[in-house]
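Residues per chain are reported as follows:
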Amino acid sequence: MERPVTEADLTFERVPETDQSFENALAKARDGNRLTVDDAIELLTTGTDLDGIDRWRKEQVLEAADRRRAEVVGEEVTFVANLNNNVTTACNVGCLFCNFKDAAHTFEVGHDGQTAGFTKTPAESREIVADAVSRGIYEVTSVSGLHPAFVLDEEHRETLESHPNPKEVNYVPAQRYETDPGTYVEQMAAMSVDDVHVHSMTPEEGYHARRGTDWSYEEVYSRLEEAGLDTVPGTAAEILVDEVRDVICPGKIGTDEWLEAMEAAASVGLGLTATIMYGHVENEAHRAVHLKRIRELQERVDGAITEFVPLSFVHQNTPLFEHDVVSGGASTDEDELMIAVSRLFLDNVDHVQSSWVKYGDEQGLKMLNCGADDFMGTIVSEEITKRAGGTYGEFRSFEEYVDLITSIGRTPVERSTDYDRRRVIDPDDPPFGPELGPNADGTPILTREERSERAVLADD
């Protein structure tokens, strides 16, 4: 039996070596000049002339990024009133960095044993979103596993059912499963309650919604937009360098196809966000190339990318860690430098997000002084990071946001997904609740548990 690949076996063509100096790269960053990949490598490593991260140099990079942040967006820290409604954990792609998925066959009728995951029908999604919209949320974010029965629409289903070898295109009829996820079009329509903003359909999901056909991504995203989709999350990007993707997600689309899907979504009028998932097998050269590809994509889509979201790899319950391909995630120094260099390099993306789900409150606030200006959203329910071993919770109230943001001397601002609508919150004028959502009236958001507790108290 062949021995599995471990961390010690990994070699890459791209390595963090440059002819640039840290001092020159820092000077360019401070002067606001456009950075190159070599510049980014020098800043991410705090100098390839040294081993390890130099703390003094790191602080200089962070200071330059924080100054750039103030110049670009000022002292406001934004967040959105949103809900995560992931439709299904059923997936058989096998990405090694993921512990969100559950093997698709465990959802089938007659499976011996219970699945650890879930699948929601369109009706269930609508009920969940309607409840959250009634409490004031503005956005529903939905990112799901690649369920073999999940199809774009009925035409897509008919095409896959007539395929000579459906399993070849990762299709299994819905009747084989305990719960039918419906179609992507049905799910988008179900979640589009009272015109709430629907943020869904990553490039990987876009690929899943056209598998087995000759449809273009433009065709797929047009149908989704008609059903209620508003913006596309730039997840499934991981690292946009194929030699890394070949290790961590060999079953997923490659870099070029991810970029093609994003351009297609923008071409039909959908807004975009962009991400990087770092801290696993990649090195600083890969991170720098990824930033360059996002910057170039932003130019091609005429500024459709509203924000960049660095996502630090949570390793604890993932196959990469369990199989000894990685020994851990990114260090705190790497996290801070990733935020800072993202701000300095992406000179055509205004907003950089700090993820309290990934970093926690204390470090998440620190990132707001390293170049970030957005602090995610209320989420209400979060499953992906939690299932990978994240421990920082899944709900953030407006009151917590106001307390946290004002604690570092910044101004809390409720925003829309696309940042076009913004409401500055007065920390001296409680109670704090959303006002931008279609049914928002400033009432504080409560979780289901909090509402149940209040109902019990009221009955008593």
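Cut-offs used in this document
Residues numbered from 1 in each chain as written. Predicted model: local features only at pLDDT ≥ 70, side-chain atom pairs only at ≥ 80, totals over all residues. Heavy atoms only, no water. Salt bridge = Lys/Arg side-chain N within 4 Å of Asp/Glu carboxyl O. Helix = DSSP H or I, 4+ residues; strand = E, 2+ residues; numbered from the N terminus. Buried < 20%, exposed > 50% of the residue type's maximum accessible area, 1.4 Å probe, protein only. Axes fitted to C-alpha atoms, helices over the stretch in contact; angles between N-to-C directions. Parallel < 35°, antiparallel > 145°, perpendicular 65-115°, else oblique. Left-handed = near helix turned anticlockwise from the far one by under 90°. Contact = heavy atoms within 4.5 Å. Core = buried A, V, L, I, M, F, W, Y, C linked by side-chain atoms within 4.5 Å. Nonpolar A, V, L, I, M, F, W, Y, C, P; charged D, E, K, R; others polar. Pairing = 2+ DSSP bridges.

Q: Which parts of the structure should I look at to understand the pattern of salt bridges?
A: A side chain with one charge can pair with a side chain of the opposite charge if their charged atoms come near. One pass over the full model with this rule turns up 35 salt bridges. Note that E23 is salt-bridged to R57, the shortest N-O span being 3.1 Å. Highlighted residues: E23 in helix α1 (residues 22–31) and R57 in helix α3 (residues 55–73), separated in sequence by 34 residues. Of the residues examined, E23 reaches a relative accessible area of 47% and is grouped as partly exposed. Under the relative-accessibility criterion, R57 is labelled buried at 11%. A network of salt bridges, in which partner residues are shared, links R55, K58, E59, D333, E336 and K366.

Q: What is the right way to read the packing of α3 against helix α13 (residues 332–345) from this model?
A: The packing of two helices is summarised by the inter-axis angle and the distance between the axes. Two elements in contact, α3 and α13, have axes whose closest approach is 9 Å; the angle formed by their N-to-C orientations is 40 degrees. Regarding the angle of α3 to α13, the classification is oblique. Here α3 and α13 pass one another in a crossing that is left-handed. Contacts from R55, K58, V61, L62, A64, A65, R68, R69, V72 and V73 in α3 reach D333, E336, L337, A340, V341, R343 and L344 in α13.

Q: Which parts of the structure should I look at to understand the environment of V93?
A: Mapped onto the elements, V93 comes out in the loop between β3 (90–91) and β4 (102–103). C-alpha of V93 to C-alpha of D426: the two residues are 333 residues apart in sequence and 46 Å apart in space. In contact with V93, other than residues within four places in its own chain, are L146, G251 and K252.

Q: Would you mind going over the environment of W258 with me for this structure?
A: As for its position among the elements, W258 is in helix α10 (residues 255–267). Sequence-wise, W258 and E204 are 54 residues apart; in three dimensions their C-alpha atoms are separated by 7.3 Å. Other than its neighbours up to four places away in sequence, W258 contacts P203, G234, T235, A236, A237, L240, I253, I294 and L297.

Q: Quick question: what am I supposed to make of the side chain of R287 here?
A: Summarising the element assignment, R287 is placed in helix α11 (residues 284–300). Overall, R287 belongs to the buried group, its relative accessible area being 4%. Residues in contact with R287, not counting those within four places in the same chain, are L44, I276, Y278, G279, E282, E334 and M338.

Q: Would you explain the nonpolar core in this entry?
A: Across soluble globular proteins, nonpolar side chains show a tendency to be buried alongside one another. Of all hydrophobic cores here, the largest spans 119 residues; its most connected members are L43, Y221 and W258. One finds A104, F107, A149 and V172 within the second-largest nonpolar core, a separate group that totals seven residues.

Q: Explain the packing of α1 against helix α2 (residues 37–45) here, please?
A: Axis separation between α1 and α2 bottoms out at 9 Å; the angle between their running directions is 105 degrees. Considered as vectors, α1 and α2 are oriented roughly perpendicular to each other. Here F22, A25, L26, K28 and A29 of α1 come into contact with α2, specifically with D39, E42 and L43. By residue class, the composition of the contact of α1 with α2 is five nonpolar, no polar and three charged.

Q: Mind showing me how you'd approach the pairing of strand β1 (residues 76–80) here?
A: A regular strand carries its side chains on alternate faces of the sheet. The element β1 is largely enclosed, with a buried count of four among its five residues. Relative to strand β12 (residues 411–415), β1 runs parallel, the two sharing four bridges. Across the sheet, E76 pairs through a bridge with T411, a residue of β12. Sheet analysis places β1 next to strand β11 (residues 374–377), joined by two bridges and oriented parallel. Across the sheet, the residue bridging to V80 is G377, located in β11.

Read these as layout, nothing more, since geometry by itself doesn't imply function.
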